Structures are given as C-alpha cells and as structure tokens.
Amino acid sequence: MPRKHRVVDHIVESLASVGVDHIFGVDGANIEDLYDAAHFRSDITGVLAKHEFSAATMADGYSRSGGGLGVVAATSGGGALNLVAGLGESLTSRVPVLALVGQAPTTMDGRGSFQDTSGNNGSLNAEAVFSTVSVFCERVLRPADIGAAMSRAIAAARTGGPAVLLLPKDIQQAFVYADRSRGIANDPRPIGNPQPIIPVLRNVDGPITIIAGEQVARDNARAELEELRALLRARVATVPDAKDASGTPGFGSSSALGVTGVMGHPGVAEAVAASAVCLVVGTRLSVTARAGLDDALSAVRTVSIGSARPYVPCTHVHTDDLRSSLRMLTNALSGSGRPTGVRVPDAVSRSELKPPSWVGEGLRYRDAMAVLDRVLPDRADIVVDAGNTGASAVHYLPARRGGRFTVALGMGGMGYSFGAGIGMAFGRANSGRPPGRTVVIAGDGAFFMHGMEVHTAVQYRLPVTFVLFNNNAHAMCVTREQLFYDNLYSYNRFRPSQLGAGLAAMFPGLTSIDVSDAAGLAAAMGTALGIDGPAVVSVECAADEIPPFAPFLTAAKTETIAIDEIPTVKEKCPNVAASA
C-alpha cells in the first residue's frame, strides 16, 4: 500500500534498493535533509568529505572499485559548483555517478535569495552548468516527480557518466506517497551483437593485438577479455586508465605488451604494426592513450567493440554491456568457428622509455616504483594522481594481482587520487572482493590541492596508505619551463616542506613518515602497509628529474631501449611478472 513519507526518505530508500550503501558529500543547509534521511537507514552510510571536489572523486572511485553506483551529495551555491571538476572527470572517463545537489527553496526562485541557482531573473542557472558535465540533468519541481526522476537519473548513469538531480529544499522536505513494492527498475543495458567483426577475427592470417580500455574495468569484463584473448592467442596492451584490465599476474601476463600512449611502452606500437588485426575493446583511444600509435593503426585492419566509437577509423560494434558482448564473441569464435590462421610471435618485446639520467638529490622515480613493486601485496588497489609522479607510476608500476589500478586522465584534475582512494576503500566491501589495502600515489602539488582528505581517512580509520612524492614543486610545470621556455625562470617551485612530519603533527596517532632513499622507503612501506588504519609515507625526490612522458623525451631528444623479451610459451604461467 502506498505510504506517505518525505521526498528525501524516498531518495535514500530508492538508493538502497539498487545496492547503494554510501553517500559521499559535504553537508549544508540545502542538503541537510538528505543526510537526516540517511541517518535513519542502517544500510546507508553518509560520508563527510572535506571538499565537494573530493566528495565527487570519492563517488567516482567507489564506482571504479566495482562497489556499484557512486553517489555524491552537495549543498547549494559554492558547494554545488565545487562538484563540477569532479563530475567532469567522471563524464570524460564515463564513470557512473549520481549527484544529488541541493538548491534554495522554489518559493525564492529569482527573488535574490542566498545561493539562488534557479536560473530565474538573472540568477545562476545550475541546470545549464551541470548539463555540460553530465549525461543527464534534471531539476525536480514537484514532489510527485521524484520517483520517475530517480529512475531516469540512475538509468542514465548506468550508461557511463554522471547524472545530476537538482533538489530545491522545499521539494526535499515535501511529502509524497510511494508504493514500497515499486522500486527503481533495473533496466538491462543494450547488448551489442559482435557479428560485424566476427568474420574479420575468424579469417585472420597473422597475429592479433588487443588494446583494452576503461570500459573493461567499468563493466568488470576482465575475465571475459582474458577468455577471448586466450582463444585468439592475442597480445594485450592497455590504455593508461585501464592498467588492471589485463596483464596482471595470473591474467595472461606474458602476453601483455604494457601501456599505450604518452606514458606508455614503445613496444606497443611495434606489436600493433606487426599485427594482422588490432581489436580495440572498450576505449575511444583519446590522444593521451593513442599517442605514437596513429601510423601503426592506419596501416592495420582495426575493429572495435564498446560503448563509444574510437577516434580512429575502424569497424565498430556498439555495446553498453561489454561482458555479455565479449561472451557472444568468444562463443562465436569457438569450436568450428575458431580462427585457424592466428600466428603467435616468438617473443613479446617489452620496452621502457628512457628519460635523461639525473644525479641530483632525491630518490629517482624508477627506483621508488621498483621498491613499491616489491612491497605492495596482491589485491592492493592503486590510485595514481596526475603529474610527473603519475606518469612514473603508470609507466613503471604494475597493477597487483586481484587489485585495481586507477588514474584520472579524463580531465587530469590534480588531487583526484585522495578522494578516489577513499571511495575505493569504502567500495571494496560492496564489490564482493576480499579485504585489501588501497595505496594512493600523488605528488606534493596534488597534496596541497586536496590532500586534507587524509583526515577523512583518519576519521573513518580506512586501510589507505598515502605515498606522497615531495619534490617541492609542480614538477611537470617545472619540466615544461625547462624544455620549452629556456629554463629562464620558474613559477612552480615551492618552499621546502616535510609532509610526513607535518601530517603526524596535525593528526595525532597517524603514522606519517618522511624518507629520502630506497632503503628508507622500503622500511617505511613495511610499517605503513601493516597499520590498522591509514598511514602516510612522504618520499623526497627532485623536480628536475624528467619523467617517462613521451612529449618531454621527444623535446629532450632522448631514446627508448628494449629491456627484455618474454617467450610466449610462458603465456599460461600464473606467476609471470606483469609487464607494465
């Protein structure tokens, strides 16, 4: 029987019905009723962030963790506008997120009220603003409309990207009759039929290279991709923000080529050029992801399957359910339909970019990543921020067996990793994966923007280790000053800081350590990974070291080197080290 309750009660009940167990945000007058409703539900936890940008990245990281739909809530005015950069990342990276944004009461629309964003009578138009950073945006103006609006928003978010509901305070507080038996419909996403690309793969005469992208991670299609890869005897490269999609130990790692694009491995282009067919799975191949590949892709037959057509010419199959479509493709290519002309190269070439040597103070990026590679355990989730630190982690540090590897390259907003790591830590329990630690890797520039979310990890005693690379600068900007502006000046160097000691002083009980060499990093990580709760390790490094970032190395006139070759006969060995 329909029952009478507040609109905000209906919202949180609807969220619980689709498996949402956390709402991330910052409280305020025009969203406080939603927090009040969440308080009275034992199955939903309201998480208070320090800044709305980080609350949005928490929802983004929660979603990428496999925990389900990420939800962020913010109050009106500046709080709402602080969401824009975070939602822009989710939009560009096609991450499902629902944003619930409070607004001033409708009775005050266009009348000069504080934080009026109705768009009336010259006021700021929040619907216009949020429509540009979302796949769906709707302002709810009648209490009775909330059920249908929630259904539309959640369905839109599930296609990949943020959906926004603008909720005036009087609408939130109003009462509505709702039927408990009528929840949010779990509409199936369209499954694309891979028939147009089946003949190409079935009749291939030569090697196949797969480039796997972010939709593999978003749809959790890793197992389906590996089954198809094994059938095609293909080698796999991943775009930078899908490092965990393939190639970690136990997932055909000896066939993994590494990462594509500006932070990637040169051997990928060589492998694509030598292929008979390149199969692009779940990525549009943005410039960041395809740099260095355009010539090879233009000369090779390329086919694609995913929710968005790649930027390169190809035969494309659209699917919003990549897992199901990959199963269909594998079934069609099995048995009597199995490709017989596939040829496997004798070895998989692995290569690294070679930045100029650096002999100054501080720990080298590659040496630091080698330490992390040795000490980080299986199942650890890794979240990487933008900048020189991020480029080094993407290039040098493998994903962990059973773990996630996330980097925000949609908008590249600095400080993303702090909120995203917290969201991933919360989302892990809801993802069905066993407990494990989240490791955030960020530079000091990113820390100064949004690093106070360390306190949020302290507040909730989350198993997160923050590894901060402290070079006392916006180092990527310093590198650009050196390479492109004659190194005549620098706006981007900071006065020295000791982040580890500073955070230890700020937050009593937090294990927070400064280190300056590889031995110190290894010892500190051994301590930090065993803490029941969060920990911080700050690593002294140098702003003058050039990272493994292809545009910089071209400007610096450096070269690449092959570091080893892995015989493909090791393809099924579960303990082969990851290649990227």
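Residues numbered from 1 in each chain as written. Predicted model: local features only at pLDDT ≥ 70, side-chain atom pairs only at ≥ 80, totals over all residues. Heavy atoms only, no water.

Engineer: Please explain the domain arrangement of the chain as it appears in this structure.
Structural biologist: Interfaces are often sized by the amount of accessible area the parts lose when they come together. For the chain, the assigned domains read domain 1 (4-177), domain 2 (195-337) and domain 3 (365-560). Relative to domain 3, the C-alpha centre of domain 1 lies at a distance of 30 Å. In this assembly, 25 residues from domain 1 lie in contact with 29 residues from domain 3. Of all residues in domain 1, the largest losses of buried area upon contact with domain 3 belong to Lys 50, Ser 65 and Glu 89, amounting jointly to 27% of the total for that side. Run the count over domain 1 and domain 3 and you get zero salt bridges. Our count for the contact surface shared by domain 1 and domain 3 stands at 15 residue pairs in polar contact (both at pLDDT 80 or more). For the side of domain 1 that touches domain 3, the secondary structure elements donating two or more residues are β2 (22-26), β3 (45-48), α3 (52-64) and α5 (84-92). In terms of residues, the side of domain 1 that touches domain 3 owes the most to one element, α3, which gives eight residues. The class makeup of the residues in the side of domain 1 that touches domain 3 is seven nonpolar, 13 polar and five charged. (Domains from an automatic or database assignment. Contact = heavy atoms within 4.5 Å. Buried area = accessible area lost by both parts, 1.4 Å probe. Salt bridge = Lys/Arg side-chain N within 4 Å of Asp/Glu carboxyl O. Polar contact = N/O pair within 3.5 Å; in protein donor to acceptor, adjacent residues only side chain to side chain. Helix = DSSP H or I, 4+ residues; strand = E, 2+ residues; numbered from the N terminus. Nonpolar A, V, L, I, M, F, W, Y, C, P; charged D, E, K, R; others polar.)

Engineer: Sorry if this is basic, but what is going on with the sheet that holds strand β20 (residues 511-515) here?
Structural biologist: Across a sheet, strands are paired by hydrogen bonds formed along the backbone, either parallel or antiparallel in direction. In spatial order, the strands read β17-β16-β18-β19-β21-β20; together these six strands make up an open sheet with parallel pairing. Each edge of the open sheet is held by one strand with a lone partner, namely β17 (405-407) and β20. In this sheet, neighbouring strand axes are inclined to one another by 15° on average, regardless of whether the strands run parallel or antiparallel. The pairing of strand β19 (residues 464-470) with strand β21 (residues 535-540) spans six bridges and is parallel. Each bridged residue has a counterpart across the sheet, and for Val 467 the counterpart in β21 is Val 537. (Pairing = 2+ DSSP bridges. Axes fitted to C-alpha atoms, helices over the stretch in contact; angles between N-to-C directions.)

Engineer: I keep staring at helix α1 (residues 7-17) and nothing clicks. Help me out?
Structural biologist: Think of an α-helix as turning once every 3.6 residues; residues three or four places apart then point the same way. Most of α1 is tucked away, with nine of its 11 residues classed as buried. Where α1 is concerned, the buried positions are Val 7, Val 8, His 10, Ile 11, Val 12, Glu 13, Ser 14, Leu 15 and Ala 16. With its phi angle positive at about 95°, Gly 19 sits one or two positions after the end of α1. (Buried < 20%, exposed > 50% of the residue type's maximum accessible area, 1.4 Å probe, protein only.)

Engineer: Teacher, can you tell me more about the pairing of strand β5 (residues 97-103) here?
Structural biologist: Along any regular strand, the residues point their side chains to alternate faces of the sheet. With seven of seven residues buried, β5 lies mostly within the body of the structure. The alternating pattern of β5 places Val 97, Ala 99, Val 101 and Gln 103 and Leu 98, Leu 100 and Gly 102 on opposite faces, both of which are buried. Taken together, the five bridges between strand β4 (residues 70-74) and β5 define a ladder with parallel strand orientation. Within β5, the residue paired with Gly 70 across the bridge is Val 97. Pairing of β5 with strand β7 (residues 162-168), which is carried by seven bridges, proceeds in the parallel orientation. Counterpart to Gly 102 in the pairing with β7 is Leu 167.

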